[in-house]
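What follows is the residue order along each chain.
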Amino acid sequence: MHLLFATSIVPDGALASGYEIANAAIIAALRRAGVRVTVIGFTWPGKPASDPQNTIVLGAVDVRTETASSRQKLAWVARAMLSGLTFASVKLRVVNDSEVRAAVERAGPFDGYVLNSVQFAGAFERLFGDRPSIFVAHNVEHRSARENAAAAGGLFQRLLFRREARLLKIVEERLCRRARFVFTLAEDDRSALGVASDDRSAVLPLVTFAEPPVQKKPRRIDCDAALIGTWTWQPNRIGLDWFLEKVVPHLRPDFRVRIAGGMPSDLRSAPPGVAFVGRVPDAQVFVRSAAVIPLISTSGSGVQLKTIETFELGLPSVATSHSLRGIDHRPVNCVVTDDPVAFAGALEAAVADVRDVDGSAFHRRQLKALDAAIRLGLETLGPVGQEMVA
């Protein structure tokens, strides 16, 4: 079976975001099932595809709103309003339908599409109706947009997110309806997308490592707690604001928190005891340098890949219940609470008695369930898919 994996940004090997980590895990699982996968999409500027022999590149785009100029942001908004597309999808309309169609034809004979998230599929939706498709919903995007609207500080931004939520709901419903099968990354997302039936969808339990990570002991601990993420992404920012405003004030004054990753431009000063350290050369080395990992998600859908990575590494953690969405099993060294005072207390208790566990069992459980779910989806693509999983 040959499937065309249609995505906004093709893999470049960097795995710099949760989206890229999830894509790598899904593509690897498809290939373990015997599928020939050709990826089509865009690259980041200056970052070539990691697998050029099996990748069709449509061009280079930078879709990050936070680093775009005011002129570029206004241009995206204007084009979205004129085209009726979402703000996220219009960023990818740097090529037209005929150029994408010609690129698809260069892939040669193939059996179907894997439409990876709503952004690319929504930008070129009319091109993917000629073959059966599987839709991968990384998040319930319309619900995230609605949450972003509620958290927005300005009227214009609030209205833009509301428009995004309305259009995304329509597009997501259409993609789910047309797909032979839908993969989500969290159980709750199946019902939110209207595909809760087992013959219509399945959850993909993800991994962040191709092989179980080696448990390096002893660890060198340089700080009490460490967080890393793309904090300019609004759902992550909402969780970060909750942590800084509600949890940090209840930590003892000498409790050391380090936060890595791109920070929003309006978040310039850190509270006492907290240090913003920017981008780090090795994310795994960074998180392993902390006594405990706070898992602070409070909004959004899909799965929290930082939670999965923490569990694979066997690191102690304190998590909100929202951080555990899409995860059926948590290790014994993970404390769950949504109360800020209790969260701070659990962080301090974990630092006082650091207990790592072997994360390899969690990794194996996730990988086995991922492969089973992939096979279930492939069966819906007709006789070729059924033969592959027989």
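Preceding this section is the structure that the text describes.
All of these numbers come straight from a predicted model, not from anything done at the bench.

Colleague: Could you give me a rundown of the side chain of arginine 237, with the residues and numbers involved?
Modeller: Considering the arrangement of structural elements, one finds arginine 237 in helix H9 (residues 234-247). Given a relative accessible area of 13%, arginine 237 falls into the buried group. A distance of 2.8 Å separates the side chain of arginine 237 from the side chain of aspartate 241, its partner in a polar contact. With residues near it in sequence (within four places) discarded, arginine 237 still touches Trp231, Pro264, Asp266 and Leu267.

Colleague: Can you lay out the pairing of strand E1 (residues 2-9) for me, pointing to particular residues and giving the numbers?
Modeller: When you tally the buried positions in E1, you get 8 out of 8 residues, the bulk of the element. One ladder, built from 6 bridges, connects E1 with strand E2 (residues 36-43); its direction is parallel. Considered in E2, the bridge of isoleucine 9 is made with phenylalanine 42. Two elements, E1 and strand E4 (residues 112-116), share 4 bridges in a ladder whose sense is parallel. By the bridge assignment, phenylalanine 5 is partnered in E4 with valine 114.

Colleague: I'd like to hear about the packing of H9 against helix H12 (residues 340-352), residue by residue, with values.
Modeller: Close contact between H9 and H12 brings their axes to 9 Å; oriented N to C, the two are set at 85 degrees. Comparing the axis directions of H9 and H12 gives the class roughly perpendicular. In this structure, H9 contributes Trp242, Phe243, Lys246 and Val247 to the contact, and H12 contributes Pro340, Phe343, Ala344 and Leu347. Looking at the contact of H9 with H12 residue by residue, the class counts come to 7 nonpolar, no polar and 1 charged.

Colleague: Can you break down the packing of aromatic side chains residue by residue, with the values?
Modeller: Applying the stated rule across the entire model yields 9 aromatic pairs. For the pair tyrosine 113 and phenylalanine 128, a centre-to-centre distance of 5.0 Å together with 75 degrees between the ring planes defines the contact as edge-to-face. Residue tyrosine 113 is located in strand E4, and its partner phenylalanine 128 is located in the loop between helix H5 (118-123) and strand E5 (133-137); the two are separated by 15 residues in the primary sequence. Neither tyrosine 113 nor phenylalanine 128 differs from the other in exposure class; each is buried. Between the aromatic rings of phenylalanine 120 and phenylalanine 128, the centroid separation amounts to 6.0 Å while the plane-to-plane angle is 40 degrees, which identifies the pairing as tilted. Members of the aromatic cluster, each reached through a chain of ring pairs, are Phe42, Phe110, Tyr113, Phe120, Phe124 and Phe128. The ring of tryptophan 76 has lysine 91 sitting right over it, with the charged end atom 4.9 Å from the ring centre. The cationic tip of arginine 131 hangs over the ring face of phenylalanine 110; the distance from NZ or CZ to the ring centre is 4.0 Å.

The rules behind each value
- Residues numbered from 1 in each chain as written.
- Predicted model: local features only at pLDDT ≥ 70, side-chain atom pairs only at ≥ 80, totals over all residues.
- Heavy atoms only, no water.
- Helix = DSSP H or I, 4+ residues; strand = E, 2+ residues; numbered from the N terminus.
- Buried < 20%, exposed > 50% of the residue type's maximum accessible area, 1.4 Å probe, protein only.
- Polar contact = N/O pair within 3.5 Å; in protein donor to acceptor, adjacent residues only side chain to side chain.
- Contact = heavy atoms within 4.5 Å.
- Pairing = 2+ DSSP bridges.
- Axes fitted to C-alpha atoms, helices over the stretch in contact; angles between N-to-C directions.
- Parallel < 35°, antiparallel > 145°, perpendicular 65-115°, else oblique.
- Nonpolar A, V, L, I, M, F, W, Y, C, P; charged D, E, K, R; others polar.
- Phe/Tyr/Trp six-rings, centres within 6.5 Å; stacked < 30°, edge-to-face > 60°.
- Lys NZ or Arg CZ within 6 Å of the ring centre and 35° of its normal.

On their own, these measurements won't tell you what the molecule is for.
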